[in-house]
Amino acid sequence: PLAVLVRIGFFGLLRPKEFCTLFRRHLTFPQEIWMSFSNKLVIAIDLPKTRRFGARTQFATISDELTIAWAWWLFGDLPPNAPLFPATVETFDRMFRMILTALKLPEGRLTRASLRGGGATLLLMSGVSIDVIRFYLLFDSIEAIRIDLM
């Protein structure tokens, strides 16, 4: 499940705690929506970081077909209360570091928090406007997004 969660965090622009603590009930696949006109995976985020200024539940969408197909294959049949990653955030971090080491990537440069900024950078490089990315990230200012895109 680690590889699928990495993709969900990256393409969903999720904060680390958000994708490490997802349950099956938080995912709505295109296959589950009657007469769906969308091919997006919808993710409900309970108690998001910005809940003090916004909604108690926020939503993210993923359009990447490979991520949606892989997540459906892995998580589609799970019961609603099944965690997508049945371990701690610390275990996720340890496994993520092991993968980075195996890939011979510089130690300490990438963390699970890098996925959100990396996904935002991919959108920017793909021609998505900075205002749309700012909306996806729930940032108030352009200055805040510049930090994530660096």
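Note: the structure precedes this text.
Just so we're clear, the structure is a prediction, and the values are computed from it rather than from any experiment.

Analysis parameters
Residues numbered from 1 in each chain as written. Predicted model: local features only at pLDDT ≥ 70, side-chain atom pairs only at ≥ 80, totals over all residues. Heavy atoms only, no water. Axes fitted to C-alpha atoms, helices over the stretch in contact; angles between N-to-C directions. Helix = DSSP H or I, 4+ residues; strand = E, 2+ residues; numbered from the N terminus. Parallel < 35°, antiparallel > 145°, perpendicular 65-115°, else oblique. Contact = heavy atoms within 4.5 Å. Nonpolar A, V, L, I, M, F, W, Y, C, P; charged D, E, K, R; others polar. 1 Å grid on protein atoms, 1.4 Å probe; cavity = no way out; pocket = protein on both sides within 12 Å on 5 of 7 lines; lining within 4 Å. Points joined across faces, edges and corners; volume = space filled by probe spheres on them.

Novice: Teacher, can you tell me more about the packing of helix 1 (residues 2-11) against helix 5 (residues 114-125) here?
Specialist: When two helices pack together, their arrangement is captured by the angle between the axes and the distance separating the axes. Contact geometry of helix 1 with helix 5 gives a least axis separation of 7 Å together with a crossing angle of 55 degrees. As the angle between them shows, helix 1 and helix 5 are arranged oblique. In this structure, helix 1 contributes Val6, Gly9, Phe10 and Phe11 to the contact, and helix 5 contributes Leu115, Gly118, Gly119 and Leu122. Here the residues of the contact of helix 1 with helix 5 are counted per class, giving 5 nonpolar, 3 polar and no charged.

Novice: Just checking my understanding: could you explain the layout of surface pockets for this structure?
Specialist: Rolling a probe over the atoms, with the probe sized like a water molecule, indicates the empty space that remains. Its volume calculated, the largest pocket comes out at about 490 Å³. Together, 25 residues line the largest pocket, and Phe11, Gly12, Leu13, Thr61 and Tyr136 are the ones closest to its centre. Secondary structure elements with two or more residues in the lining of the largest pocket: helix 1, strand 3 (57-62), helix 5 and helix 6 (130-137). The biggest single contributor to the lining of the largest pocket is strand 3, with 5 residues. Its residues placed into classes, the lining of the largest pocket shows 14 nonpolar, 6 polar and 5 charged.

None of this, on its own, says anything about what the molecule does.
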